[in-house]
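Overview (structure and organization)
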Amino acid sequence: MPEAPVASPQFSLYIVRCADGKLYTGIATDVEKRLAEHVSGSRGAKYLRGKGPLVVVFSETVGDRALASQVEYRVKQLSRVQKLDLIEGRRRLVDLQ
């Protein structure tokens with residue numbers, strides 16, 4: 001009997017706003033867990049250390065890790081104004097894929 005294919009985890013792209021207003025973009029399978037890692041500093045991004053409180057201002061499921069990494073790269077290339085448009089719904093993430 002053939003084995004059922006293993007579903008690859010679904011990744012989400014997220015944007016975090018730091019206390020100083022700067023935006024940080026990342027990907028994760030569990031955004032809330034990843035935010036907790038950033039806050040605790042245990043496995044969080046060095047960039048975010050000491051920049052709390054951190055607030056997730058955008059999160060959207062994008063697909064497998066490869067696609068999520070591509071979309072993350074494209075979002076990181078956006079200007080701050082373009083990222084704010086994404087956060088506020090004036091720009092769609094699907095248009096970057």
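Residues numbered from 1 in each chain as written. Predicted model: local features only at pLDDT ≥ 70, side-chain atom pairs only at ≥ 80, totals over all residues. Heavy atoms only, no water.

Looking at where I27 falls in the secondary structure, it is placed in strand β2 (residues 23–28). Placed 42 residues apart in sequence, I27 and S69 show a C-alpha to C-alpha distance of 7.3 Å. What I27 contacts, discounting residues up to four positions off in sequence, is F11, S12, L13, Y14, R65, A68, S69 and E72. (Helix = DSSP H or I, 4+ residues; strand = E, 2+ residues; numbered from the N terminus. Contact = heavy atoms within 4.5 Å.)

Let's shift gears to the nonpolar core. If you look at the biggest cluster of nonpolar residues, it comprises 16 residues, and the most contacted ones within it are L13, I15, F58, V75 and L93. For this core, the elements supplying multiple residues, two or more each, are β1 (11–17), β2, β3 (55–63), α2 (65–76) and α3 (80–87). Counting residues in each nonpolar core, the second largest holds 10 residues, with Y24, V31, L35 and L48 among its members. (Core = buried A, V, L, I, M, F, W, Y, C linked by side-chain atoms within 4.5 Å. Buried < 20%, exposed > 50% of the residue type's maximum accessible area, 1.4 Å probe, protein only.)

Overall, the coordinates contain 1 aromatic pair when judged by the stated rule. Measuring from centroid to centroid gives 6.1 Å for Y24 and Y47, while their planes differ by 15°, and the two rings are stacked. A residue pair is termed long-range when its members are at least 10 positions apart, and Y24 in strand β2 and Y47 in the loop between α1 (31–40) and β3 qualify at 23 residues. Sitting over the ring of Y47, K51 keeps its end group 3.8 Å from the ring centre. Directly above the ring of Y24 sits K76, whose terminal nitrogen or CZ lies 6.0 Å from the centroid. (Phe/Tyr/Trp six-rings, centres within 6.5 Å; stacked < 30°, edge-to-face > 60°. Lys NZ or Arg CZ within 6 Å of the ring centre and 35° of its normal.)

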